[in-house]
Structures are given as C-alpha cells and as structure tokens.
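Reading the structure
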Amino acid sequence: MEEREKKIFGVSWNVFLLGIVSFLNDMSSEMITPIMPSYLMEVLNAGKLLSGSVMGAIESMSSLFKVAFGYVSDKFRKRKAFVFAGYALSTLAKGALAFTRYWWDFLALRALDRIGKGIRTAPRDALIAESTEKGKTGKSFGFHRMMDTLGAVAGPLVAIALIEFLKSLPSETMYRYIFLLSAIPGAISLFVIILFVKDRGGEVKKKIKGISTLRDRNLQLFLAVVAIGALGRYSYAFTMWKAQELGYSVVQSIAFYALFNLIYALSAYPIGAYSDSFGKKRMITIGFGVAALASLTFAYARDFSTLVLAFALYGLYIAIEDTVPRAYMADLAKEYEKGTIIGAYHTVFGVFVFPASVIAGWLWQSHSLDAAFMFSVAMNLLALLIMLKLPGND
C-alpha cells in the first residue's frame, strides 16, 4: 500500500504515472489531430458531409467498446493489461496513417486507434478511481485531464515546428512524415505502463452482492442528459474549419487549437478539485451553459478577438465536461463495478457523438457552418434545463 500513500502534486503516485502516460499519448495524438481535417479534405479529397461524418465516426467508435471492456476489467480486476493493450493499438494505428491512400483506409486506421481508446479508457478511469482516496475523485480526474491536455498543447506545437521544418516538401509527404513521428511519444508511454503503473483492482477483495448502480433512476436520467449534451458535441474539426473559413491558414488554425487545449489544461485540475466541494452535478450543469455560450460565440465569430474568445470558452467547456462527469460516475459506482459504470457513461456519450457530427456536417453543407454551431447551442441549453430538474445537488 506504500505506493498508494505516496503523493505527488496532491494525487497518488499511480494517478501521477497515468497522467504521464496520457501526456505522452495525447502529445502523440495531437501531433496529427490538427492536420487530419486538412489531410482528409486536401489529400484524400473527401467532401464536407463525408469529412464531418468521418470525423464524427472516429470520435464515436471508441465509446462503443468502453462499457464492454470496463465490465471485463471489473471481472478480471486487472486494469493494467487493458490499459497497455489499448495504448499499444492506438500507437500502431497512428503511425500507420502515413501509408493511407483513401478516406476508407484512413477511417479504418482511425477506427483501430479509437478501438484502442475504447479498450483502455474505462479500465484506466477505474484504476484512477481505485488509486484515489474517498472524496477526492474530482482532484484525481482533474489532474489526469490536465496532464492529458498538456500533451494536447504540446502536440500541436510540435506539429507546427514539424510543418515549418518540413515545409519544403510536398504537403502530402509532410503530412505522412508527421504521422510516422507521432508514434514515438506513444511508444515511450508503453514503457511507463509496463515498468511503473500498478494494478489496484485486486485490492477489492470481495464482491458485494446487490442491485447494480445502472438500475438507479437518477443515474438513468443523468445518462439521458449526457446523450442530449453529446448531440451538441460536434467534432473539434468544425472549430478548425471555422478558423479556416474566416481566412486563417492551417498553421494559424493549429495555433487556435493549441490555445483551446491550453485553456483546457489550465482549467481541468482546479475545476476537478473544486467540484469535490462545490458539487459535481452543479458543475456539470454550468458546463452545459458554457458549451452553449462557446457554440454561440463560434456562430457569430467574424474577427480575431471573437474567435479567440470562442476557442477559450470551448476549452473551458471541455475541461468541465471531460473531467467532472467521470468523477461523478466514479463516486456513484460500487467498488466492484467502477469499470462498468464509467464505461456506460463513455458508451452513451460516444453513441450520440457520432450523429452530432453527422448533423453538423449536414447543416454545414446544406446551410452554413454557423447553423451547425446553433444546433449545438440548442442541445446544450436543453441538457442544462433538464439538469436543473434532476434531484439533488451532487
């Protein structure tokens, strides 16, 4: 239990190490994330509706596996094996993007990457919960999301540096080199998992028989709200397409994306820690309000300062909604089913994220990109109103 008692930056050693793993993996992911929208449209020649649908499918796929692997990790109580397998599959898939030639093989590799995420996410989040003392889940998940997103800040900056370094090459060749190089930090994260991360699931010695948390009426209502909010969660690619629609270059749009991730990173830890005392339901409700405001700002952005504000609000919104619901579900879950309950949240969210980007892509193609953002405003306001009606404050 010595490792569990050791603290660094206010969290357990295991949580800290998982934060390092996520930092490295997200650096890997975000080296390629901001160039994928341009690669998809310019190199693979996908149209607006197809591009929006592909990006939405990519973000949705991982969630379809999260409840299943959360459940399996609950049964075996060996989270680390699933965490390693998921990160390994994602690292392999990202490097292999360098060899794509069509939108469908691009989608297949991105699907493998997202399957990897689906394998690892619920077991990893359950391991974070199991490595955290009672009443501090918001702090642990906030720290983890901060580290994850600092990687997402570093990744685009590395991408910008690589674009500048490789700019003499044809754009297609440059993109392919960046895809290959992105596998390096991902590979390093695998060694951290193997050598240092410890399993905690085995410390739950005995299953306590009883009714699953999933049968709780309030939890079911909350998952319904998650579904509604997810319908307003368009892919990040739409924010970059907005910047490019306003005349900014690919490199400039990557800089906007780095700003979003910086706001996210700086906000996640304090928001998560504060939610432990403020109340997680209240914080989630506020998050839907910030989401509506961010989308409204994107819809009306016509100049630099408004676009900066939109990306900053978007970062704050994602910091809340990617951090606090995980901690809230971990608090609700019984000890023997944390992977299942957290996985259920991720699965519901992911199932509805896909139609969100399909709808946004259709609205962009049929009307305008601003119409897609206004649809998000409506969905997030509806989620906020329902959250206000849910019983209890936490």
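Quick note: structure is the one above.
Residues numbered from 1 in each chain as written. Predicted model: local features only at pLDDT ≥ 70, side-chain atom pairs only at ≥ 80, totals over all residues. Heavy atoms only, no water.

1. With respect to the nonpolar core
What counts is decided by this rule: Throughout this description, the term nonpolar core refers to a set of buried Ala, Val, Leu, Ile, Met, Phe, Trp, Tyr and Cys residues connected via side-chain atoms within 4.5 Å. Think of it in three bands: residues with accessible area under 20% of the maximum for their type are buried, residues over 50% are exposed, and the middle band is partly exposed, with areas taken using a 1.4 Å probe on protein chains only. Elements are defined by DSSP. Helices are runs of H or I of four residues or more, strands are runs of E of two residues or more, and each kind is numbered from the N terminus. In this description, contact between two residues means that some pair of their heavy atoms is separated by no more than 4.5 Å.
One finds Phe179 and Tyr314 to be the most contacted residues of the largest nonpolar core, which totals 101 residues. With 9 residues, the single largest contributor to this core is helix H15 (residues 304-321). Sequence-distant contacts of Phe179, defined by excluding residues within four places in its chain, comprise Ile32, Ile35, Met36, Tyr39, Lys94, Gly95, Leu97 and Ala98.

2. Regarding helix H6 (residues 79-96)
In plain terms, the rule: By this rule the span expected of a helix is its residue count minus one, scaled by 1.5 Å.
Relative to the 26 Å expected for 18 residues at 1.5 Å per residue, H6 spans 26 Å between its end C-alpha atoms, a close match to the ideal helical length. Those residues of H6 lying buried are Arg79, Phe82, Val83, Gly86, Tyr87, Ser90, Thr91, Ala93, Lys94 and Gly95.

3. Quick look at the packing of H6 against helix H7 (residues 103-130)
Applied cut-off: Working convention: axes come from line fits to C-alpha atoms, limited for helices to the stretch in contact. Angles between N-to-C directions cover 0 to 180 degrees. Oblique is the label for every angle not falling under 35 degrees (roughly parallel), over 145 degrees (roughly antiparallel), or within 65 to 115 degrees (roughly perpendicular). In this scheme, a crossing is called left-handed if the near helix is turned counterclockwise away from the far one by less than a right angle; it is called right-handed if the turn is clockwise.
Running from N to C, H6 and H7 point in directions that differ by 150 degrees, and their axes come no closer than 7 Å. Put simply, H6 runs roughly antiparallel to H7. Between H6 and H7 lies a crossing whose hand is left-handed.

4. Things to note about the packing of helix H11 (residues 217-231) against helix H16 (residues 324-332)
Applied cut-off: Just so you know the grouping, Ala, Val, Leu, Ile, Met, Phe, Trp, Tyr, Cys and Pro go in nonpolar, Asp, Glu, Lys and Arg go in charged, and all remaining residues, Gly too, go in polar.
Where H11 meets H16, the closest approach of the two axes is 12 Å, and the angle between their N-to-C directions is 165 degrees. Judged by the inter-axis angle, H11 sits roughly antiparallel to H16. For the pair H11 and H16, the crossing hand works out as left-handed. In this structure, H11 uses Leu219, Phe222 and Leu223 to contact H16, whose residues at the interface are Pro325, Tyr328, Met329 and Leu332. For the contact of H11 with H16, the residue count by class is 7 nonpolar, no polar and no charged.

5. Considerations on the pattern of salt bridges
Quick note on the threshold: When a carboxyl oxygen of Asp or Glu lies within 4 Å of a side-chain nitrogen of Lys or Arg, that pair is called a salt bridge.
The full count for this structure, using the stated rule, is 14 salt bridges. Taking the shortest distance from any N to any O, the salt bridge between Glu133 and Lys7 comes out at 2.6 Å. Here Lys7 lies in strand E1 (residues 7-8) and Glu133 lies in the loop between H7 and helix H8 (137-165), a separation of 126 residues in the sequence. What makes Glu133 partly exposed here is its relative accessible area of 45%. The closest approach of N and O atoms between Lys242 and Asp370, which form a salt bridge, is 2.7 Å. Linking Lys242 in helix H12 (residues 237-245) with Asp370 in helix H18 (residues 369-389), this pair joins segments that are 128 residues apart in sequence.

6. A short note on the environment of Arg101
Note on placement: Arg101 falls in the loop between H6 and H7. Sequence separation between Arg101 and Leu44 is 57 residues; the distance between their C-alpha atoms is 6.8 Å. Those residues in contact with Arg101 that lie beyond four places of it in its chain are Leu44, Glu172 and Arg176.

7. Notes on H11
Relative to the 21 Å expected for 15 residues at 1.5 Å per residue, H11 spans 22 Å between its end C-alpha atoms, a close match to the ideal helical length. For H11, the full list of buried residues reads Leu219, Phe222, Leu223, Val225, Val226, Ala227, Ile228, Gly229 and Ala230. In this structure, the buried residues of H11 make contact with helix H14 (280-300), H16, helix H17 (338-366) and H18.

8. Some words on a nonpolar patch on the surface
Defined as follows: Candidate patch residues must exceed 30% relative accessible area and have no salt bridge, after which like charges are joined if within 9 Å and Val, Leu, Ile, Met, Phe, Trp or Tyr side chains if within 5 Å. Here, Shrake-Rupley sampling with a 1.4 Å probe gives the accessible areas, and only protein chains in the shown set may cover a residue.
The grouping of Phe99, Leu169, Tyr177 and Leu180 at the surface amounts to a nonpolar patch, some 390 Å² of accessible area in total. Taking relative accessible area as the criterion, Leu180 reaches 41% and is therefore assigned partly exposed.

9. Thoughts on the side chain of His144
On the secondary structure map, His144 appears in helix H8. Apart from residues lying up to four places away in sequence, His144 is in contact with Leu18, Gly19, Ser22, Arg124 and Ile128.

10. Examining the packing of aromatic side chains
The line we're drawing: Each Phe, Tyr or Trp ring (for Trp, its six-membered ring) is paired with any other whose centre lies within 6.5 Å, and the angle between the two planes then decides the class: stacked below 30 degrees, edge-to-face above 60, tilted in between. By the criterion adopted, a ring carries a charge over it if an Arg CZ or a Lys NZ lies within 6 Å of its centre and within 35 degrees of its normal.
Tallied over the entire structure, the rule returns 22 aromatic pairs. Between Tyr39 and Tyr175 the ring centres are 5.8 Å apart and the planes differ by 90 degrees, which places this aromatic pair in the edge-to-face class. Highlighted residues: Tyr39 in helix H3 (residues 36-43) and Tyr175 in helix H9 (residues 171-181), separated in sequence by 136 residues. A relative accessible area of 0% means that Tyr39 is categorised as buried. A relative accessible area of 4% means that Tyr175 is categorised as buried. Between the aromatic rings of Tyr314 and Tyr317, the centroid separation amounts to 6.0 Å while the plane-to-plane angle is 55 degrees, which identifies the pairing as tilted. Pair noted here: Tyr314 and Tyr317 are both in helix H15, with a separation of 3 residues, about one helical turn. Assessed through its relative accessible area of 3%, Tyr314 is described here as buried. Here the aromatic residues Tyr248, Phe256, Tyr257, Phe260, Tyr264, Phe298, Phe304, Phe311, Tyr314, Tyr317 and Phe373 are joined through ring pairs into a cluster of three or more. In this structure, Arg282 packs its charged tip against the face of Phe278, placed 5.1 Å from the ring centre.

Keep in mind that these numbers describe shape and distance, not what the molecule does.
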